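Listed here are the chains, written in short residue letters.
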Amino acid sequence: MNLFFRFLRVFLPAFFAKVHTGLMDLHIVRSAVWLGDQDPMGHMTNSRYSSFTDLGMMNYMGRTGALKAYRKRGWIPIVQFESFNYIRMLRFPQKFEVQTRLAGWDGSFLCFEHKFVANGQVCAESHMVARLYGRKKVKITAEMALEVLGQTLESPPLDAQFTFAVAELRSRG
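Here goes a summary of the coordinates provided. Within any chain, residue numbers begin from 1 and follow the written order of that chain's sequence. Local features in a predicted model are, by the rule used here, given only for residues with pLDDT of at least 70; side-chain atom pairs are given and counted only at 80 or more, and totals for whole chains, interfaces and linings are based on all residues. Note that water and hydrogens are dropped before the side-chain values are worked out from all heavy atoms of the structure.

## So, the overall build of the protein chain
Move 1: Secondary structure is summarised from DSSP: a helix means a run of H or I of at least four residues, a strand means a run of E of at least two, and numbering begins at the N terminus for each. Scanning the protein chain from terminus to terminus reveals five helices and six strands.
Move 2: When the elements of the protein chain are put in sequence order from the N terminus, they spell out α-β-α-α-β-β-β-β-β-α-α.
Move 3: Within these notes, the globule rule equals 2.2 Å times the number of residues to the 0.38 power, and the radius of gyration is based on C-alpha atoms. In terms of C-alpha radius of gyration, the protein chain reaches 16 Å, essentially the compact-globule figure of 16 Å for 173 residues.
Move 4: Its C-alpha atoms give the protein chain principal-axis dimensions of roughly 45 × 40 × 30 Å.
Move 5: Across the 173 residues in the protein chain, those meeting the buried criterion constitute 45%.
Move 6: Taking all contacts inside the protein chain whose residues are at least 6 apart in sequence as the whole, residues at least 24 apart take part in 74%.
Move 7: The Shrake-Rupley method, run with a 1.4 Å probe sphere, supplies the accessible areas, and residue values consider only the shown protein chains as cover. When the accessible surface of the protein chain is split by element, carbon and sulfur atoms take 58% of a total near 9500 Å². Each residue is assigned to one of three classes by its accessible area relative to the maximum for its type, calculated with a 1.4 Å probe on protein chains only: buried under 20%, partly exposed between the two thresholds, exposed over 50%. Any pair of residues with heavy atoms lying within 4.5 Å of one another is described as a contacting pair.

Now the structure itself:
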C-alpha cells in the first residue's frame with residue numbers, strides 16, 4: 001500500500017505542474033527507506049529500486065508535459081531494458097533521492113539514467129531503455145516524440161552500456 005501513496009505523492013504534483021521542465025533537465029524524487037522496503041537482511045529490496053525508477057519516470061513524464069501530450073495521441077511508454085548497479089546498501093530510515101535524466105536516444109529508443117543518492121554518495125544506478133508505442137503497435141521515433149513537445153534537440157552521445165542495450169534490442173526485432 002505504501003507504494004500507492006508514494007505514487008500519488010510524486011505523480012499528482014508532477015502531472016498538474018503549471019510550469020514544465022526541460023527534457024534534458026535532472027528530475028529528482030526525494031524519499032526514505034521505510035520498514036516495508038527492506039528484505040530480511042535489512043537493506044532495501046531490489047524490487048523497490050525498480051519501483052523508484054518507475055516513480056522517477058512518472059515524475060519526469062509529468063513535469064516535462066510529455067505524459068499529457070503522449071496520452072492525447074494514444075502513445076504509451078514501454079520499458080524494454082533496465083540494468084542496475086548496486087554500490088551501497090540503503091537501510092531504514094535512510095533518506096535518499098532518485099535523480100532521473102534523459103541520457104539520449106537512438107531511433108525509437110529513449111535512454112534514461114537513474115541515480116540513487118544518499119548523503120551525497122551514489123548508492124545505485126540504473127540504465128533504462130524505453131520506447132513509445134502508438135495505437136496498433138506503431139513505433140514512435142524520438143524525433144516524433146520531440147516534435148509533439150515542440151522540441152528540436154540532438155541526442156547527446158550514448159555511453160557504451162546504452163549502445164549495447166539498443167543494439168541487443170534491435171537484434172531481437
